[in-house]
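Here is how the chains run, residue by residue.
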Amino acid sequence: MASHLTAPRTAARPDVTSIQRRTLRLLFTTQIIGGIGVTIGIAVGALLAARIAGTAVAGVAQSAGVVGAALLAVPVTRIMARHGRRPGLVLAYTVGAVGGALVVLAAATRWVPLLFIGMLLFGGGTAANLQARYTAVDLAEPARRGRQLSLIVWATTIGAVAAPNFAALADRVTTGWGLPPLAGPFAFSAAAFVLAAVVLLGLLRPDPLLTARRLAATAADPSPAADATATAVAAEAPADGGPTRGGATPAAAPAGVRAPRGAGMWAAWSVVRRQPAARLGIAAVAVGHLVMVAVMAMTPVRLGESHADADVLRLVGIVLSLHIAGMYAFSPVVGWLTDRFGRRAVILGGVGLLLAACAVAGTAGHHTPRLSIGLVLLGLGWSGTMVAGSTLLSESVSAGVRPSVQGLSDLIMGLAGAGAAVVSGFVMQFAGYPVLTLLAAVAAVPLVALALRPVPTGAPDEEG
């Protein structure tokens, strides 16, 4: 069956290639801006929480941001399902900006409950960054979905590398304005999120998800009347579903342009239960994230067991920088492999790297170079499961429920990561780092069996 993205253009059909190229450029830019905002908060969040609430709850405050990103995926993707990608991304960044402002206020007042609320809402920036990767494949050609999704993931690398320098600058500048130490970086994060929201609000037009739905609808009903109606809806209808630019209410859109009624999380779960490829995509993303967070979160503690305090921060910075490079720097290569060799093959490769990472890190003892190699492998394994799993998930469900299914995936991924961070601390305290890496490896094994099962990988949205 011919893809709706490769159907011949008519005067009524948009230039999908130019829209996709423009969308990717825009997402790449906002991903850098948003990535800087998120990473600044991550860089100083635990330190700020420790000063306000004490060291014992610093990790809980950091986890609040992870949980917030997971929970915000629900309303954000519901809005996307009904009105398109643009309002959902704008809402997520706006919520993140509000969270950053509340963290600044909490630092000034030293009010701990406000700090946790702010960190919870600050997760909106992470939610937006995660959803951007799905926005990149709404109009992508099937043979290029992995590469184009991975390009947006790779953009995060630029923000992650630049953010620590921005954090130090922000703290110096805002301390002179009277803000408490470590509060300034969150003020800069809020400003970055606002900038990303404004850029997307003004420039993400036409909406890629609404355009993809129109193409699916016209593929199902290629009559001139249906094509003209769908074109009018996609071109003229605002994101809130109100009157058109001319003031009139648009004609009823074909079913393929609108999200199906009740396309929420329950409908998403029903779709995933019936679609093996979607189950594999969600499992790959969630399991890869769980293993990565469980091992990565306790690596600084492991380094602290064998190095003096004066050296720990420097070594943690080096090791985690190498880990982040493994996560993001090679994602374009992972995307190319995903398109070249298939989604399941790269998922299996990612699991293999995760298992190797657990083996290397768990047996490294206090040999820091070997531990660093293990963390690089951990990042590469995460990249494989994230890019290939997200690509497989996106093409395994129809355009109508795609945002809800993607939101369900991010919800499960976030909760898995938050749970892994909490449990890993207890395992580290009572059993040690080698046992933690062993349990993380055991958690990844079921994904191998799931990935080896033959699953259909066709794109249902091509069936209209």
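Residues numbered from 1 in each chain as written. Predicted model: local features only at pLDDT ≥ 70, side-chain atom pairs only at ≥ 80, totals over all residues. Heavy atoms only, no water.

Colleague: Describe the overall build of the protein chain, and please don't skip the residues or the numbers.
Modeller: The helix and strand inventory of the protein chain stands at 16 helices and zero strands. With 464 residues in all, the protein chain has 54% of them scored as buried. At a minimum sequence separation of 6, the contacts of the protein chain that also span at least 24 residues come to 82%. A total accessible area of about 18,700 Å² is found for the protein chain, and carbon and sulfur atoms account for 69% of it. (Helix = DSSP H or I, 4+ residues; strand = E, 2+ residues; numbered from the N terminus. Buried < 20%, exposed > 50% of the residue type's maximum accessible area, 1.4 Å probe, protein only. Contact = heavy atoms within 4.5 Å. Areas by Shrake-Rupley, 256 points an atom, 1.4 Å probe, with all protein chains shown as cover.)

Colleague: Help me get a handle on a nonpolar patch on the surface, residues and values and all.
Modeller: Taken together, the side chains of F166, L169, V173 and W177 present a nonpolar region at the surface, about 390 Å² in accessible area. Structurally, F166 can be placed in helix α5 (residues 145–175). (Patch = residues over 30% accessible without salt bridge, like charges linked within 9 Å, V, L, I, M, F, W, Y side chains within 5 Å. Salt bridge = Lys/Arg side-chain N within 4 Å of Asp/Glu carboxyl O.)

Colleague: So what about the pattern of salt bridges? Which residues, and what values?
Modeller: Scanning all chains against the criterion turns up seven salt bridges. Across the salt bridge formed by D138 and R85, the nearest N and O atoms sit 2.7 Å from each other. One end of the pair, D138, is in the loop between α4 (112–135) and α5; the other, R85, is in helix α3 (residues 85–109), and 53 residues separate them in sequence. Pair check on accessibility: D138 and R85 agree, each one buried. A salt bridge links E395 to R145, with the shortest nitrogen-to-oxygen separation between them at 3.1 Å. One end of the pair, E395, is in helix α14 (residues 368–395); the other, R145, is in helix α5, and 250 residues separate them in sequence.

Colleague: Before we move on, can you summarise the confidence of the model for the protein chain with the specific residues and values?
Modeller: Looking at the protein chain, the pLDDT average stands at 82 and 81% of residues meet or exceed 70. Highest mean pLDDT in the protein chain belongs to helix α13 (residues 343–362) (97); lowest belongs to helix α8 (residues 224–236) (48). Overall, residues 232–257 carries pLDDT values under 50, and its contacts beyond four positions in sequence, including any with other chains, amount to 34 contacts. (pLDDT = per-residue confidence, 0-100.)

Colleague: How would you sum up the nonpolar core? Please name residues and give values.
Modeller: V291, I347, L371, L378, Y433 and L447 are the most contacted members of the largest nonpolar core, which has 52 residues in total. Mapped by element, the contributors of at least two residues to this core are α5, α10 (276–304), α11 (309–329), α13, α14, α15 (402–430) and α16 (433–452). The leading source of residues in this core is α10, at 13 residues. If we ignore the near neighbours within four places in the chain, the residues touching L378 are V291, M292, V295, M296, H323, L354 and A357. (Core = buried A, V, L, I, M, F, W, Y, C linked by side-chain atoms within 4.5 Å.)

Colleague: Just give me the short version of the side chain of S424, but keep the residues and values in it.
Modeller: When you line up the elements, S424 lands in helix α15. With relative accessibility at 1%, the residue S424 sits in the buried group. If we ignore the near neighbours within four places in the chain, the residues touching S424 are A294, A297, M298 and L436.

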